[in-house]
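Report on the structure
Here are the chains, one letter per residue:
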Amino acid sequence: MTLNVLFSAPDMLWDQYREVLPRAIAAAGIEAKVTRSADPAMVDYIVYAPNPNLTDFAPFTKAKAVLSLFAGVDRIVGNTTLTQPLCRLVDPALAEGMVEWVTGQVLRHHLHLDRNIGAAPHWVQDAPPLARHRKVTMLGLGELGMACANMLRVLNFDVRGWSRSPKSAPFPTFHSTEGLRDALFDTDIVITLLPDTPDTRNILNAQSLQWPADGAVVINPGRGPLIDDEALLAALDAGKIAHATLDVFWKEPLPHDHPYWTHPGVTVSPHIASVSRPSSASEIVAENIRRSESGEPLLFRVDRARGY
Ligand code: NAP
C-alpha cells in the first residue's frame, strides 16, 4: 500500500526536501507519495513546519502523526484542532550546530573578542580570566541545552544548569521555579535553551535579570518570548547586563524599528543558531513513519499538556 505523506511547510523548505525526503522514506522500506497538496481525508502523515496554509488539522481524519521539521513546536502545540500525535525534531545534527553556535558566542564574550579585534590602534592589556573562573548558566537542559552545557564544561567553564525536573550532570543543576535564582545567582553568562511555553515566557524579566553578576552577558538561541524585551533593554541601559546576543525574537523577522537593531549592547542574529538539515531531518521523519507503520512507538512525541 502506498502511503500519502503531505509536506506542509513554506515553499523554501519544499525546495530543500523534495528529493531527500522521498529518498529517505524509500530507504526506510516505506512506499509513499510525498506531495504538497492532497485530499485531507486521504493523508497518512503530515510533515510539518509552520505555514499559513495549514491551521486546521480536523479534516485529516486518517493522519497517524504530524512530524515537525523543527525542534520547537510552540507554533503548533496549542492548536486545538490537532488531535493527532505530534513529534518534534530531535536530530544530532541540530545539537551539533547549536553546540558550535553557543560555544562561539560564549568564547566571543569570554575572550573579549570584540575589544581585541578591530582596526583602531588599541593596546589595553585586559586579559580574560580562565574559563574555570567564568560562571555560565544554561537555562534548559534538554537535547540542545545539555549538549551545549557539556561542551562548555569540557572547555572548563564553571557551568550550572536549570530545568523543570531534576537532572544528573557533571556540573551543578537546579530545577523548578524555586531553583531559578540559585541557577542565575552571580553568573557571568546566561544562555536560554528553553521552549516557549506559558511557564517559560518572560523567564528573563526585571526581577530575574538582577540575579546574574553585574555586567553579565545574555545569549538567547531559545525563543524570543523567553525574554521581557523592555526589562532587558532597561538592564542593558543600566549596565546590569553588558551585552545580549539574540537569535530569536517575539516577532520574526525582527521589525526594522525595534530598538534591538540599534542598541550598542545587542547583537541581532537572524534565527540561524541551528537549522534543521534536510538530509538528517528526513531520515528521522522516515524512521518515525517506519516505526508507526510497524506498530512501534513514535520517537520524540510532544507532551501536549507540558507544551514541549
Ligand atoms: P527539549 O529537549 O524539550 O528541552 C527543553 C528543556 O527546557 C528541558 O530541559 C526542560 O526541562 C526545560 N524546561 C521546559 N520548561 C521548563 C520550565 N517551566 N522550567 C524549567 N525548565 C523548563 O528542547 P531542545 O531540543 O533542547 O530545544 C530547546 C529549544 O531550542 C526549542 O524549544 C526551540 O525553541 C529552540 N531552538 C532554537 C533554534 C535556533 O536556531 N535558534 C534551533 C532549534 C531549537 P526538563 O528536562 O525537566 O523537561
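Here the structure is shown first, and the text comes after it.
Since the structure is predicted, the reported quantities are computational estimates derived from the model, not experimental observations. (Residues numbered from 1 in each chain as written. Predicted model: local features only at pLDDT ≥ 70, side-chain atom pairs only at ≥ 80, totals over all residues. Heavy atoms only, no water.)

**Side note on a nonpolar patch on the surface**
A contiguous nonpolar patch, built from Leu-111, Leu-113 and Ile-117 and spanning about 250 Å² of accessible area, is present on the exposed surface. Mapped onto the secondary structure, Leu-113 falls in helix H4 (residues 113-116). A relative accessible area of 32% means that Leu-113 is categorised as partly exposed. (Patch = residues over 30% accessible without salt bridge, like charges linked within 9 Å, V, L, I, M, F, W, Y side chains within 5 Å. Areas by Shrake-Rupley, 256 points an atom, 1.4 Å probe, with all protein chains shown as cover. Salt bridge = Lys/Arg side-chain N within 4 Å of Asp/Glu carboxyl O. Helix = DSSP H or I, 4+ residues; strand = E, 2+ residues; numbered from the N terminus. Buried < 20%, exposed > 50% of the residue type's maximum accessible area, 1.4 Å probe, protein only.)

**Here's the deal with the side chain of Ser-282**
Secondary-structure assignment places Ser-282 in helix H8 (residues 278-293). Overall, the relative accessible area of 1% leaves Ser-282 in the buried class. The contacts of Ser-282, once residues within four sequence positions are left out, are Tyr-17, Val-20, Leu-21 and Ala-24. (Contact = heavy atoms within 4.5 Å.)

**Examining the sheet that holds strand S2 (residues 32-35)**
The strand order S2-S1-S3-S4-S5 describes an open sheet built from five strands, whose pairing is parallel. A strand with exactly one partner marks an edge of an open sheet, and here the two such strands are S2 and strand S5 (86-87). For strand S1 (residues 3-8) and strand S3 (residues 45-48), the ladder comprises four bridges, and the chain directions are parallel. Pairing of Leu-6 across the sheet is with Ile-46, part of S3. Sheet strands touched by H8: S1, S3, strand S4 (65-68) and S5. Its angle to S3, the strand with the most contacts, is close to 160°. (Pairing = 2+ DSSP bridges. Axes fitted to C-alpha atoms, helices over the stretch in contact; angles between N-to-C directions.)

**Here's the deal with the sheet that holds strand S10 (residues 216-220)**
The parallel open sheet is built from seven strands, whose spatial order is S8-S7-S6-S9-S10-S11-S12. Across the chains shown, the open sheet's two edge strands, defined by having one partner strand only, are strand S8 (173-175) and strand S12 (266-268). When strand polarity is set aside, the average angle formed by the axes of neighbouring strands in this sheet is 15°. Relative to strand S9 (residues 189-192), strand S6 (residues 135-139) is paired through four bridges, and the arrangement is parallel.

**What to know about the side chain of His-109**
Counting through the fold element by element, His-109 comes out in helix H3 (residues 92-110). With relative accessibility at 13%, the residue His-109 sits in the buried group. Sequence-distant contacts of His-109, defined by excluding residues within four places in its chain, comprise Arg-134, Val-217, Ile-219, His-243 and Thr-245.

**Describing the pairing of S3**
Residues Tyr-45 and Val-47 point to one face of S3 and Ile-46 and Tyr-48 to the other, with burial holding for every one of them. Examined bridge by bridge, S3 and S4 share four bridges and lie parallel to one another. Looking at the pairing, Tyr-48 lines up with Ser-68 of S4.

So yeah, pure geometry; function would need other evidence.
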